[in-house]
Amino acid sequence: LKTPFPRTKESVSSSAPEEEKPWKDEPSNVVHLTDDTFDDFLVEEESVLVMFYAPWCGHCKRMKPEFVKAAESMMTMNIQGKLAAVDATKEPKLGKRFEVKGYPTVKYFKKGEFAFDAGAARKEKEIVDFMKDPKEPPPPPPPEAPWSEEESAVVHLNEETFKPFLKKRKHVLV
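What you are looking at is a predicted structure, and each value in this text was computed from that prediction instead of being measured.

## With respect to the packing of aromatic side chains
Following the criterion strictly, the structure yields 10 aromatic pairs and no others. Summarising the aromatic geometry, the rings of W56 and Y103 are spaced 5.7 Å apart at their centres and angled 90 degrees between planes, so their arrangement reads as edge-to-face. Here W56, found in the loop between β2 (47-53) and α3 (58-76), pairs with Y103, found in the loop between α4 (92-97) and β4 (105-110); they are 47 residues apart in sequence, far enough to count as distant. Judged by relative accessible area, which is 59%, W56 ranks as exposed.

## Details of the layout of surface pockets
The space that makes up the largest pocket amounts to roughly 350 Å³. Residues belonging to the lining of the largest pocket are distributed by class as follows: 10 nonpolar, two polar and eight charged. By volume, the second largest pocket is sized at about 240 Å³. M74, M75, I79, G81 and K82 are, among the 14 residues lining the second largest pocket, the residues nearest its centre.

## Quick word on the pattern of salt bridges
Across all of its chains, the model carries seven salt bridges by this definition. K107 is paired through a salt bridge with D117; the nearest N and O atoms lie 2.6 Å apart. With K107 in strand β4 and D117 in strand β5 (residues 113-117), this pair connects stretches of sequence that are 10 residues apart. Look at D117 and you get partly exposed, because its relative accessible area is 41%.

## Looking at the environment of A115
The residue A115 is located in strand β5 in this model. Among all residues touching A115, those that are not within four sequence positions of it are Y108, F109 and K110.

## A closer look at the environment of D129
Secondary-structure assignment places D129 in helix α5 (residues 124-132). Sequence separation between D129 and A70 is 59 residues; the distance between their C-alpha atoms is 9.4 Å.

## Digging into the environment of P27
One can find P27 in the loop between α1 (9-15) and β1 (31-32). Assessed through its relative accessible area of 76%, P27 is described here as exposed. Distance in space between the C-alpha atoms of P27 and V68 is 9.3 Å, their sequence separation being 41 residues.

## Considering the sheet that holds strand β3 (residues 82-87)
Pairing is mixed in the open sheet, where five strands are placed in the order β1-β3-β2-β4-β5. The two strands at the open ends of the sheet, each matched to only one other strand, are β1 and β5. Relative to β4, β2 runs antiparallel, the two being bridged by six bridges. Across the sheet, V48 pairs through a bridge with F109, a residue of β4.

What counts, and at which threshold
Here the residue numbers are simple positions, counted from 1 along each chain's written sequence. Per-residue local features of the predicted model are confined to residues with pLDDT of at least 70, and side-chain atom pairs are confined, for both listing and counting, to 80 or more; whole-chain, interface and lining totals are unaffected and use all residues. To get the side-chain values, all heavy atoms of the structure are used, and hydrogens and water are removed first. When the centres of two rings from Phe, Tyr and Trp lie within 6.5 Å, Trp using its six-membered ring, the rings pair. Their planes under 30 degrees apart give stacked, over 60 give edge-to-face, and anything left gives tilted. Secondary structure elements are taken from DSSP: a helix is a run of H or I of four residues or more, a strand is a run of E of two residues or more, and numbering for both begins at the N terminus. For each residue, the accessible area found with a 1.4 Å probe, counting protein chains only, is set against the maximum for its type, and the residue is called buried under 20%, exposed over 50%, and partly exposed in between. Both cavities and pockets are sets of points on a 1 Å grid over the protein atoms alone; in a cavity a 1.4 Å probe fits but cannot get out, in a pocket the set is open with protein on both sides within 12 Å along at least five of seven lines, and lining residues sit with an atom within 4 Å of a point. Grid points are joined across faces, edges and corners, and a volume is the space filled by probe spheres set on the points. Gly is put with the polar residues, along with every residue not named as nonpolar or charged; the nonpolar set is Ala, Val, Leu, Ile, Met, Phe, Trp, Tyr, Cys and Pro, and the charged set is Asp, Glu, Lys and Arg. For this analysis, a salt bridge means a side-chain nitrogen from Lys or Arg found within 4 Å of a carboxyl oxygen belonging to Asp or Glu. Contacts are assigned to residue pairs with any non-hydrogen atoms lying within 4.5 Å of each other. Pairing between strands is defined by DSSP: at least two bridges between them are needed.

See below:
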């Protein structure tokens, strides 16, 4: 199979998408932490909101500019605390240590210690408002009672009751 034009090194490289610069190489007020710098930084800072991210994650890519704008706003408004980011794909020990199971994961640290998960703040205003007065989110509501425990005309069967129940009935909808 021949192409109508010769493929040169230049034509191939010019059509390839440009690689994104790592976030840590972009100028911002977000502090990028590694396994080596994480603990020392947290001890020095009173209040830190850390975003654990993966560079390929779509949700992280949407949150990144909001996080950067929030860090700038905090500096401008003289709000105490720092915003930090950890590339959990390059720092897997930190991801494991703080039980990061999805991206982005946002955690709040106070006086060098993990305080609580703060994943609800995803937009600039929400992040800034949170850092003005960091509070743990309310606990989730208690789980609903299982359907089998609710009163109804439905009979819930299991392995032991299935066959005996069917033997006693002429018509059954399962």
